[in-house]
Amino acid sequence: SSSRGGRLYWLGYSHCWNPRTMADHYKMYTPAIGDRLYSTWEDFEVLNEAHIGFAVIDFTPETGRFLWANDAQCQAYNMTREQLFAMDIHHGNSEAASAMHKRIYEVVQGENKCFHTHKTIYPHGKALTAFIHFRPIRTRLPGFDEEKTLSLLTLIPIDNKDEDAQMFQRSNELLRHISVLTMTFDNEGGLLFSNPSAEDFYYYQTSTEGKSLVDKDLRKLRLEDVFATCVWSQEEQQEQMLNQIKGMTLDSKVIEFECRKIVAGISGAEGGAEDSVGRWHKIRCIPSMDPSTGKFSIVVTEFDVTRMKEVQQALIRANAAQEAFVASISHELRTPLNGIIGLSDAMLMGPAFNGSRSSLDDTHREAQDAKTKKTLGLIKGSALRLNLLVNDILDTASSKRDTLVVKQDNVDLKEEAEMVCSVVAPLVGRNVEL
């Protein structure tokens, strides 16, 4: 239907099965909607004749509200005009809905571009899923001091009686709320589908030089653009990975890898956009079939694993700090132990015990010297064992770094057993034989 006198055009669809085709038709049939300056509310009254919903909405973050709606729109929401106009469209929304409103405001009222999406409402306690198209219109309406761009909404219900249509609606609703970036590309790298999370990420994606990596028309996003936002250690890696994925067939294995991504600041934010490199994404490329055309396609999912990477790096740093501490303590212990071993050895090898003492020493002194020599031997043996324990600590740290070197040597089991008995002898009670 059309009203040529007012240069206002609209479509009279009651059902829509292909949202992308619907969007193309809508663009074709509404070429003049954004050219005219609307100055009175009567300019929109002709839309009351339509059996699909129309509304004028201001998505400004601070004052988002319905400004005008036709009868079909009020019926779709099961509200009177007064109730609809009094509703704060930003209040009580989910995180996904708030992000959607923000994107509509920036695209439609900020950049004067069309935007379309799906939405499920529950006007009578039952789900009503609709294709919704937003188009910018120039207005200078009563209540506004100056010219303002607003959003003209068109709400076209999708037939939800068919089981396949219901499954489509559920899948679409699920993809709207998950944080995983989900996209489908054809075998030449052209975008077939993207969920809101992917749109949010790539819509604002720019290079570190501030140049846009992808066209803001999301349907022009290509697989090459996805890889252009990855940080590669070598330039040829990007091309090699892209060729590998484009060469996938239906029986190919899933390609999975992790990489750092370029994350851009939001355009128009106060202070300007600031880019950063460092977000980690886990990317999976899955061979599939496009259910709409039956042709081969590639499903690409991206999941932000930055937090997991940060935890892994923190654990690595903590483990390195622990090893450094153990090594430092071990070296601190080794210094006095080496001193004890050296002094004990010097006394044992000195003139008091090497047979060069004066013959004037009596038998009692010889017995005392023998006991002292044995005690010094125990001190040296204990220090040596403690030194071996320190070496074991250092070997543990080496084993974690895969640098442990094992050396084979002969062991005197009798000598070791006697040393152990001598060391623990003072600790045991009386009448205990070792």
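Note that the coordinates shown come from a computational prediction; the quantities given were computed from them, not determined experimentally.

Q: Would you explain the pairing of strand 9 (residues 181-186) in this entry?
A: Successive residues of a regular strand alternate their side chains across the two faces of the sheet. Along strand 9, five of the six residues are buried, which leaves the element largely enclosed by surrounding structure. When strand 9 meets strand 14 (residues 296-304), the two strands line up antiparallel, connected through six bridges. When the sheet's bridge partners are listed, Met-183 is paired in strand 14 with Val-300.

Q: It is not clear to me how the side chain of Asn-195 should be interpreted in this structure. Could you clarify?
A: As for its position among the elements, Asn-195 is in the loop between strand 10 (191-194) and helix 6 (196-203). Residue classification places Asn-195 among the buried residues on the basis of a relative accessible area of 0%. A distance of 3.0 Å separates the side chain of Asn-195 from the backbone oxygen of Val-180, its partner in a polar contact. Apart from residues lying up to four places away in sequence, Asn-195 is in contact with Leu-175, Ile-178, Val-180, Leu-181 and Thr-182.

Q: Would you mind going over the nonpolar core with me for this structure?
A: Nonpolar side chains tend toward joint burial in soluble globular proteins. Among the nonpolar cores identified, the biggest contains 24 residues, and Met-183, Phe-227, Ile-245, Cys-285 and Val-300 are the most heavily contacted of them. Counting residues per element, the ones that place at least two in this core are strand 9, helix 6, helix 7 (223-228), helix 8 (235-246), strand 12 (255-263), strand 13 (276-289) and strand 14. Aside from chain neighbours lying at most four places away, what touches Val-300 is Leu-181, Thr-182, Met-183, Phe-185, Leu-223, Ile-283, Arg-284 and Cys-285.

Q: Could you clarify how one ought to interpret the confidence of the model for the protein chain in this entry?
A: Segments scoring low in pLDDT should not have their predicted coordinates read at a detailed level. Put simply, the protein chain has an average pLDDT of 76, and 72% of its residues get 70 or more. Scored below 50 in pLDDT, residues 1-33 shows 73 contacts in the model against residues more than four places distant or in partner chains. Long-range and interchain partners of residues 265-275, a stretch whose pLDDT sits below 50, account for 19 contacts in this model, where long-range means more than four residues apart.

The rules behind the values
- Residues numbered from 1 in each chain as written.
- Predicted model: local features only at pLDDT ≥ 70, side-chain atom pairs only at ≥ 80, totals over all residues.
- Heavy atoms only, no water.
- Buried < 20%, exposed > 50% of the residue type's maximum accessible area, 1.4 Å probe, protein only.
- Helix = DSSP H or I, 4+ residues; strand = E, 2+ residues; numbered from the N terminus.
- Pairing = 2+ DSSP bridges.
- Polar contact = N/O pair within 3.5 Å; in protein donor to acceptor, adjacent residues only side chain to side chain.
- Contact = heavy atoms within 4.5 Å.
- Core = buried A, V, L, I, M, F, W, Y, C linked by side-chain atoms within 4.5 Å.
- pLDDT = per-residue confidence, 0-100.

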